[in-house]
Each structure stands twice: as C-alpha cells, then as structure tokens.
Amino acid sequence: MTEHIFLYRLTNDTGCAPCIFENGYKDTHLLSLACCKGGQLRCYKKNGKITAVNTGLRWTIGEKLKNSINEGKEKVYIIGIYKNCILYIAILDKVIKMTEYYNSPEYSKRLDYIYNVSDSEDKEYNKVFQLYRNNNNKYFHPKEDKDQHRRDELGKYVLLSKSFAYFGKKHTEHRVTNEKLLSLMPKRQETKYYKTADTGFEQIKSLIEDHWDQESIVKEEPSERIKSGSKGCYQK
C-alpha cells in the first residue's frame, strides 16, 4: 500500500480548521478539515480581472486521492505544523464534497459547519458557487468576509479522520528542533508532499512515529478559542 504524507503550516489554532469540536468546544471522535487550505482568487495585472481557481490542500487531495482513500487502497497522512511544532497528525478515512458535508445533519453541530447549501447557483469570477454563510460560529470566517467564503468553497472537498492526534494548546510539547527534519518541513504557506520511496519520506514517517503511536486519539483545548479579534483569517 502506497503511503502519502502532506505537511502544511497553520498561522492560528482556534479549533475550527482543523476541527475536532462541536459548538461549545465539546470534543468529538472526528477531525475535519472543511475550511481554509482552499482555492484562490487571482487578480491578473494585465486586465485587472479576478479569476477563481480550484487549488489548495483539500482540493489537491480530493482530486487525486479521494477514491483511493474512501476505498482504503492508500494511506494518507496530514501533519499540521504550528510554530515549528506538530499541532496534529491525522490519517484520512474519508473525503467528501463540501456540498455533501454542509447538507448533512450529521455534522451540523460542529464548529466548522458555517455554510448552508443553496438551492440555486451563484455565478461569479468564472465559477459556480453553491454555499452561503449561516449563523453558526460567527467569528470564524465571518459573514462580511465573502472572499474568504469563496476561497473556502474553491477547495471543494472536506477531509475527515477518525484516527488522529490533536495536541492543541500542548503543541509546544511536540516541537521539532532537528535541522534535517526542519529542512523537510514546509516554509510559510507551501505544502510539502512525500510518498513511499521518496527522498525524505522515511524521516517524516519517523517524525510521525516519534509523536504518535497511531492507537490513541489525543484531544486537547485549542491554542486559542475563537472570539472577536482572533488573529489571521479569523479576524472579525
């Protein structure tokens, strides 16, 4: 079985992306990445037009590995890096479209359940959009931040895991100091990708094994609960 490892950096940890919580920060046995790490709205200097682009971690994994993950044919890890610390490690169990996630009562109490699916389509920037902001978790990608909503939807897919370690506010206990490992990790907003037999794969796999036994689910408080004035893309 081919194994894949995706690493990316987070600028904030409010328990919303990734999300392991229901409203009120009640923890669950499910990790979801439904928002952030989505597409782009690119403004071209030549003509000044904005073009919407399907891209980002969720879209990449969904387009390339959705069927293999859902059928259990390949193992896909995600590692979230926060301030040179491991915030979470997850093995993906399922990949679904955002429209399926935000149409399902099963997920409706989760902190990242911030969209509803419209009965009509909204055409903008060369794309068709179906999601609109609901009233849940008002400080996370708030209603007035429409561009962020579009970027979320351009990610197209939701990544789900029932086998994960989320370290939250205890991420500092999982700091990476080894220079070789740091060189294999993403810089700023890039995503690093390794698969079986790639140079660097074994080192990153060892990093996973050093911080997680893959048997337990670790749940902690996030580094910062979402509120008015939270930093980064969560800013009100």
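These numbers were taken from a predicted model, which means no experiment stands behind them.

1. A closer look at the nonpolar core
A general trend in soluble globular proteins is that nonpolar side chains are found buried together. Ile61, Ile78, Tyr88, Tyr101, Tyr102 and Phe140 are the most contacted members of the largest nonpolar core, which has 46 residues in total. Contacts of Tyr101, omitting those with residues within four sequence positions, involve Ser32, Ala34, Ile96, Tyr107, Arg110, Asp112, Tyr113, Val158 and Leu160. Core analysis: the second largest hydrophobic core is formed by 21 residues, Leu7, Met185, Phe201 and Ile204 among them.

2. Description of the pattern of salt bridges
The full count for this structure, using the stated rule, is twelve salt bridges. Notably, a salt bridge pairs Lys219 with Asp27, separated by 4.0 Å at the nearest N-O pair. One end of the pair, Lys219, is in the segment after helix 5 (201–211); the other, Asp27, is in strand 3 (residues 26–33), and 192 residues separate them in sequence. Asp112 serves as the salt-bridge partner of Arg110, at 3.9 Å between the closest nitrogen and oxygen. Assigned by exposure class, Arg110 and Asp112 land together as buried. Beyond isolated ion pairs, a larger network of salt bridges with shared partners links Asp122, Glu124, Lys146 and Arg150.

3. A look at the side chain of Asp13
Inspection of the secondary structure assignment puts Asp13 in the loop between strand 1 (3–9) and strand 2 (19–22). For Asp13, which is buried and forms no salt bridge, the nearest opposite charge comes from Lys83, at a distance of 9.3 Å. Here Tyr166 takes part through its side chain, which lies 2.7 Å from a polar atom of the side chain of Asp13. If we ignore the near neighbours within four places in the chain, the residues touching Asp13 are Tyr82, Leu87, Tyr166, Gly168, Lys169, Pro222, Ser223 and Glu224.

4. Details of helix 5
Within helix 5, burial applies to Phe201, Ile204, Lys205, Leu207, Ile208 and His211. For helix 5, the buried positions fall inside an angular range of 150° around the axis, keeping them on one side. Of the exposed residues in helix 5, the ones pointing more than 90 degrees away from its buried face are Glu202 and Asp210. Where helix 5 is buried, its residues touch strand 1, strand 6 (75–82), strand 7 (85–91), helix 4 (179–184) and strand 13 (191–195).

5. Looking at the packing of aromatic side chains
Scanning all chains against the criterion turns up nine aromatic pairs. Relative to Tyr88, the ring of Tyr8 has its centre 6.3 Å away and its plane inclined at 70°; by these criteria the two rings are edge-to-face. Taken together, the positions of Tyr8 in strand 1 and Tyr88 in strand 7 put the pair 80 residues apart, joining distant regions of the chain. Since its relative accessible area comes to 1%, Tyr88 is described here as buried. On the numbers, 5.4 Å between centres and 90° between planes, the contact of Tyr102 with Tyr115 is edge-to-face. Residue Tyr102 is found in the loop between helix 2 (98–101) and strand 9 (115–124), and its partner Tyr115 is found in strand 9; the two are separated by 13 residues along the sequence. Judged by relative accessible area, Tyr102 falls into the buried class, the value being 2%. Residue Tyr115 is classed as buried on the basis of its relative accessible area of 1%. In this structure, Arg150 is placed above the aromatic ring of Phe129, and the distance from its NZ or CZ to the ring centre is 4.3 Å.

6. Overview of the environment of Gly80
Within the element layout of this structure, Gly80 appears in strand 6. Judged by its relative accessible area of 0%, Gly80 is buried. Taking the C-alpha atoms as reference, Gly80 lies 18 Å from Asp27; in sequence the two are 53 residues apart. In contact with Gly80, not counting residues within four places along its chain, are Tyr8, Leu10, Cys85, Ile86, Leu87 and Tyr88.

7. Re the environment of Ile208
Residue position: Ile208 is located in helix 5. For Ile208, a relative accessible area of 0% corresponds to the buried category. Between the C-alpha atoms of Ile208 and Ile78, which are 130 residues apart in sequence, the distance is 10.0 Å. Leaving out residues up to four positions away in the same chain, Ile208 has contacts with Ile5, Tyr77, Ile79, Ile89 and Gln214.

Rules used in this analysis
- Residues numbered from 1 in each chain as written.
- Predicted model: local features only at pLDDT ≥ 70, side-chain atom pairs only at ≥ 80, totals over all residues.
- Heavy atoms only, no water.
- Core = buried A, V, L, I, M, F, W, Y, C linked by side-chain atoms within 4.5 Å.
- Buried < 20%, exposed > 50% of the residue type's maximum accessible area, 1.4 Å probe, protein only.
- Contact = heavy atoms within 4.5 Å.
- Salt bridge = Lys/Arg side-chain N within 4 Å of Asp/Glu carboxyl O.
- Helix = DSSP H or I, 4+ residues; strand = E, 2+ residues; numbered from the N terminus.
- Lys, Arg positive; Asp, Glu negative; His and termini not counted.
- Polar contact = N/O pair within 3.5 Å; in protein donor to acceptor, adjacent residues only side chain to side chain.
- Arc of directions from axis to C-beta.
- Phe/Tyr/Trp six-rings, centres within 6.5 Å; stacked < 30°, edge-to-face > 60°.
- Lys NZ or Arg CZ within 6 Å of the ring centre and 35° of its normal.

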